[in-house]
Amino acid sequence: LRASGHGAWSYGFLAGGVDELPPQLVTILPDCNGDSDLEDECDVVASRFKERFAEDLVGNGLPLPHTTRFKLYFTEKVVANSSLAVRLEEVIDSRTVLVSSAVPMDVDTWADDCAVTLKPMMVPGKSYRLTMDPGVLTDLATPPNAFEGIAVD
């Protein structure tokens, strides 16, 4: 902010820059019964917990119910690239077998919602890996920035 000798003010500023950062994953929460309500309780290996506080259970090897859906929360709104998909693989010993190359996915559409729900079809008693490759999700920037992807056992 400056004033000239004639009493005129001038103010310099930089207009908003370009978003060059990809969306960041904040957390993954299990929805054990798949009802989209994270206030439920879930029973896993003789323990009971609220789904909303269970981020440590996703990907740590503990069994989750076969009805589990996974809520992924991001730092910003994302959209799905329809030409790419999320894979579900069964883990058998040290190898994986493809179960589905197109796991159903819902991207929340509320104006202030930055969440995606993965809805794999699983069989009780089996171990799985969900894999989302880079570019399956992007932000709303122009040009869009791709989410780096994840693999969750």
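The paragraphs below set out a description of the structure included in this document. (Residues numbered from 1 in each chain as written. Predicted model: local features only at pLDDT ≥ 70, side-chain atom pairs only at ≥ 80, totals over all residues. Heavy atoms only, no water.)

### Digging into the packing of aromatic side chains
Using the criterion set out here, one finds 1 aromatic pair in the structure. Taking 5.0 Å as the distance between ring centres and 85° as the angle between the ring planes, the aromatic pair formed by Phe74 and Phe147 counts as edge-to-face. Of this pair, Phe74 sits in strand S6 (residues 69–74) while Phe147 is found in the loop between strand S13 (137–138) and strand S14 (150–152), placing the two residues 73 residues apart along the sequence. Neither Phe74 nor Phe147 differs from the other in exposure class; each is buried. (Phe/Tyr/Trp six-rings, centres within 6.5 Å; stacked < 30°, edge-to-face > 60°. Helix = DSSP H or I, 4+ residues; strand = E, 2+ residues; numbered from the N terminus. Buried < 20%, exposed > 50% of the residue type's maximum accessible area, 1.4 Å probe, protein only.)

### A word on the sheet that holds strand S3 (residues 25–31)
Strand order in the open sheet made by the 4 strands is S3-S6-S11-S10, with antiparallel pairing throughout. What marks the edges here is a single partner per strand, and that holds for S3 and strand S10 (105–107). Neighbour to neighbour, the strand axes of the sheet diverge by 20° on average, direction disregarded. The pairing of S3 with S6 spans 6 bridges and is classified as antiparallel. (Pairing = 2+ DSSP bridges. Axes fitted to C-alpha atoms, helices over the stretch in contact; angles between N-to-C directions.)

### A word on the state of the cysteines
Within this structure, the stated rule accounts for 1 disulfide. Bridging Cys32 to Cys42, the disulfide has an S-S length of 2.0 Å. Because the sign of the S-S torsion sets the handedness, a value of about -95° for the bond joining Cys32 and Cys42 places this disulfide among the left-handed ones. With Cys32 in the loop between S3 and strand S4 (41–44) and Cys42 in strand S4, this residue pair connects regions lying 10 residues apart in the sequence. What makes Cys32 buried here is its relative accessible area of 5%. Judged by its relative accessible area of 2%, Cys42 is buried. (Disulfide = S-S within 2.5 Å.)

### Overview of unusual backbone geometry
Residues apart from glycine generally show negative phi values, whereas peptide bonds are mostly found in trans. Note the cis peptide between Thr142 and Pro143, where omega equals -5°. As for its position among the elements, Pro143 is in the loop between S13 and S14. For Ser36, which is not glycine, the phi torsion reads 70° and is therefore positive. Note on placement: Ser36 falls in the loop between S3 and S4.

### Things to note about the pairing of S4
When a strand is regular, its side chains alternate between the sheet's two faces. Side chains Cys42 and Val44 of S4 all project onto a buried face; the interleaved residues Glu41 and Asp43 project onto a face where none is buried. With 4 bridges connecting them, S4 and strand S5 (residues 47–50) associate as antiparallel partners. Note on S5: the bridge partner recorded for Glu41 is Lys50.

### Digging into the nonpolar core
Ranked by size, the top nonpolar core spans 21 residues in total, and within it Phe70, Leu72, Phe74, Leu118, Met132 and Leu137 carry the most contacts. Taken together, the elements giving at least two residues each to this core come down to S6, strand S8 (86–92), strand S11 (115–118), strand S12 (128–132) and S14. Residues contacting Leu118, with those up to four places away along its chain left out, are Arg69, Phe70, Leu72, Val86, Pro104, Met105, Leu130 and Met132. Counting 5 residues, the second-largest nonpolar core is a separate cluster that includes Cys32, Cys42, Phe49 and Ala54. (Core = buried A, V, L, I, M, F, W, Y, C linked by side-chain atoms within 4.5 Å. Contact = heavy atoms within 4.5 Å.)

### What to know about the pattern of salt bridges
Under the criterion given, the structure shown has 5 salt bridges. Note that Asp133 is salt-bridged to Arg87, the shortest N-O span being 2.6 Å. Within this pair, whereas Asp133 is found in the loop between S12 and S13, its partner Arg87 is found in strand S8, the two being separated by 46 residues in sequence. What makes Arg87 partly exposed here is its relative accessible area of 23%. Across the pair Glu90 and Lys126 runs a salt bridge, and its minimum N-O distance is 3.7 Å. Here Glu90 is found in strand S8, whereas its partner Lys126 is found in the loop between S11 and S12, with 36 residues between them in sequence. (Salt bridge = Lys/Arg side-chain N within 4 Å of Asp/Glu carboxyl O.)

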